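Chain by chain, the residues run as shown.
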Amino acid sequence: MDILDHWVSGAPFAGVSTRTAPVYNPAEGTVSREVRLATVADVDTAVQSAKAAFPAWAETSLAKRQSIMFTFRELLNARKGEVAAILTNEHGKVTSDALGEVARGLEVVEWATSIPHLMKGEHSENVSTGVDVYSVRQPLGVVGIISPFNFPAMVPLWFFPVAIAAGNAVILKPSEKDPSAAIWMAKLLQEAGLPDGVLNVVHGDKESVDALLEHPDVSAISFVGSTPIAKYIYETAAKNGKRVQALGGAKNHMLVLPDADLDLVADSAVNAGFGSAGERCMAISVVVAVEPVADELIEKITSRLAGLTVGDGTRGCDMGPLITKEHRDKVASYIDIAIADGATVVVDGRGVSVNGGDGGFWLGPTLIDGVSTDSDVYKHEIFGPVLSIVRVASYEEGVAIINASQYGNGTAIFTNDGGAARRFQREVQVGMVGINVPIPVPVGYYSFGGWKDSLFGDTKAYGSQAVHFYTREKAITSRWLDPSHGGINLGFPQN
Ligand code: NAD
């Protein structure tokens, strides 16, 4: 069986670990390869490689760093089909969706090509007579990036292009469930001219993550994953003196007002609820329908679900499998919970007929009506193709439900009433808001991140907040002496 190595100092690295984990093709249910799980010593080897590469990389001119990012952008764009195939093979998402993931990651590479502009400081001339003050931004050193299974290319691309362009060296720890895309991207960056050691990839589980969190030579951690782990990462990294941003889980609501175009709403709910089999942190998992629209909307969603094809992502299907058998079983268990809690299962995805392997981790689109906000179906992040309908009597009731959620990643309102949309935008306690846009993932030159238990830390991913996160500002007060500056004065300097 093929074993996927780490990538350290610009070459495959086996390390000393004897532990491996299986990587599945979820459409077949078969193991396609094994991946190494790093030890503390393996992580240290990678950190030492990054630490050694950092000084020269930080000294490399902005023009050179920019030019490597431009080359990387061109290579990634030209060869995105290769990485999309890896994503479909290991994650299961359909080819068109995998290409979409790469396209959204490319936006951040494009943002990182602007690094000479983004690194600019400020300058104030003559703050006092003959005194100038200015600021510069400098890289942190070695930064760690820990990513989840659901976007094996895009989430690493949210972080490493900006971290590297800003002059840092990186250790990327991708999800052990679909680790190959990270290695593919590291090799591509090497081809683009990145010096060895500036981007290292270490595979692993908790042991490798803890090693990064505790390593004294790691300055900052960017994490994306589930809320309990995000909270743990935030606390542990901060305890170890690191700068940290930890993006967590989500439960995203779509509020539908009675004046909305229900055909457009139904299209959006299906696309945002079942794309990537619901394994998106910006998936819509709850439709909050302001009556009297629920019955008609459910009818429209149901008729669209009947036309969806589920199967192997390489075969032109609409929706692929879930990531593992365990996850599929857990997601499916919520259908029983819904029934026990008195909800109505309108469409049951168990036993769906598929165009894929018999052993694949399948669950078809599932629609549940009348979900109580007390039910675990509502409260938990299910992270699968299960869409809940919650019926409310008014806009106010809908917003109150959304604002009571522990999560605040994304949300959307569907309406033709501009005043209502504006009120929603102001009142809703969520970090990313769509107005007639179901998955409001900001473009690469804004920043991505939620509120509440969807983001621990105060800095979002990519955009200007990423430049802030991966650099330290230095403020310089400068005076070029002339004789008029002489004399003794022990008082606090004033202007
Ligand atoms: P996860 O939390 O299980 O794993 C994320 C990363 O943490 C992986 O690299 C994993 O190896 C590591 N990890 C897992 N358990 C750990 C532990 N006990 N200690 C230390 N490290 C550990 O998440 P996942 O299942 O890979 O991804 C799905 C989750 O990610 C969902 O909750 C989803 O909402 C969330 N997500 C959030 C965003 C966002 O931007 N907010 C984006 C994508 C995914």
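These numbers were taken from a predicted model, which means no experiment stands behind them.

Participant: For the sheet that holds strand S16 (residues 366–369), give the residues involved together with the corresponding values.
Facilitator: Read across the sheet, seven strands follow the order S15-S16-S17-S14-S13-S19-S20 without closing on themselves; strand pairing throughout is mixed. Each edge of the open sheet carries a strand with a single partner, namely strand S15 (344–347) and strand S20 (432–435). Across the sheet, the mean angle from the axis of one strand to that of its neighbour is 20°, orientation sign disregarded. One ladder, built from four bridges, connects strand S19 (residues 410–414) with S20; its direction is parallel. Looking across to S20, one finds that Thr-411 is bridged to Val-433.

Participant: Hey, could you go over the packing of helix H3 (residues 80–90) against helix H7 (residues 180–191) for me, with residue numbers and the actual values?
Facilitator: At a minimum axis separation of 9 Å, H3 and H7 run at an interaxial angle of 165°. It follows from the interaxial angle that H3 and H7 lie roughly antiparallel. When you trace H3 past H7, the crossing you get is right-handed. The segment H3 lies against H7, with Glu-82, Val-83, Ile-86, Leu-87 and Glu-90 engaging Ser-180, Ala-181 and Trp-184. A class-by-class count of the residues in the contact of H3 with H7 yields five nonpolar, one polar and two charged.

Participant: Explain the domain arrangement of the protein to me, and be specific about the residues and the numbers.
Facilitator: Assigned domains within the protein: domain 1 (3–247) and domain 2 (252–445 + 473–478). The C-alpha centroid of domain 2 is placed 29 Å from the C-alpha centroid of domain 1. Counting from both sides, the interface comprises 29 residues of domain 1 and, opposite them, 32 residues of domain 2. The set of elements that each furnish at least two residues to the side of domain 1 that touches domain 2 consists of helix H4 (95–112) and strand S7 (131–139). Of all the elements, S7 adds the most residues to the side of domain 1 that touches domain 2, at eight residues. Looking at the side of domain 1 that touches domain 2, its residues break down into eleven nonpolar, nine polar and nine charged.

Participant: So what about the nonpolar core? Which residues, and what values?
Facilitator: Core analysis: the biggest nonpolar cluster contains 90 residues, and Val-162, Val-170, Ile-221 and Ile-233 have the highest contact counts within it. Ranked by the residues each element gives to this core, the list is headed by helix H6 (residues 154–165), at ten residues. When near neighbours in sequence (up to four residues on either side) are disregarded, Val-170 contacts Ala-50, Val-143, Ile-145, Phe-160, Ala-163, Ile-164, Val-198, Leu-199 and Asn-200. The next biggest cluster of nonpolar side chains, apart from the first, holds 67 residues, and it includes Ala-250, Leu-255, Val-286 and Val-390.

Participant: Break down the site of the ligand for me, with residues and values.
Facilitator: As a structural note, the neighbourhood of the ligand is formed by 27 residues, with Pro-148, Gly-225, Ser-226, Gly-249 and Cys-281 the closest of them. Residues of the shell around the ligand, tallied by class, amount to twelve nonpolar, ten polar and five charged. In this structure, the shell around the ligand is formed jointly by two domains, domain 1 (3–247) and domain 2 (252–445 + 473–478), each of which donates at least three residues.

Participant: So what's going on with H6? Residues and values would help.
Facilitator: Taking 1.5 Å of rise per residue, twelve residues should cover 16 Å, and H6 covers 17 Å from first to last C-alpha, within 8% of that figure. When you tally the buried positions in H6, you get twelve out of twelve residues, the bulk of the element. Among the residues of H6, those classed as buried are Met-154, Val-155, Pro-156, Leu-157, Trp-158, Phe-159, Phe-160, Pro-161, Val-162, Ala-163, Ile-164 and Ala-165. At the exit of H6 stands Gly-167, carrying a positive phi of roughly 105°.

Participant: Tell me what's going on with the sheet that holds strand S4 (residues 20–25), and back it up with residues and numbers.
Facilitator: The strand order across the open sheet built from three strands is S1-S5-S4, with neighbouring strands paired in mixed fashion. With one partner strand each, in any of the chains shown, strand S1 (3–4) and S4 form the two edges of the open sheet. As paired strands, S4 and strand S5 (residues 30–36) are joined by six bridges and run antiparallel to one another. Within the sheet, the bridge partner assigned to Asn-25 lies in S5 and is Thr-30.

The rules behind the values
Residues numbered from 1 in each chain as written. Predicted model: local features only at pLDDT ≥ 70, side-chain atom pairs only at ≥ 80, totals over all residues. Pairing = 2+ DSSP bridges. Helix = DSSP H or I, 4+ residues; strand = E, 2+ residues; numbered from the N terminus. Axes fitted to C-alpha atoms, helices over the stretch in contact; angles between N-to-C directions. Parallel < 35°, antiparallel > 145°, perpendicular 65-115°, else oblique. Left-handed = near helix turned anticlockwise from the far one by under 90°. Contact = placed C-beta atoms within 7 Å. Nonpolar A, V, L, I, M, F, W, Y, C, P; charged D, E, K, R; others polar. Domains from an automatic or database assignment. Core = buried A, V, L, I, M, F, W, Y, C linked by C-beta atoms within 7 Å. Buried ≥ 20, exposed ≤ 12 C-beta atoms within 10 Å, placed from the backbone. Near = placed C-beta within 6 Å. Expected span 1.5 Å × (residues − 1).

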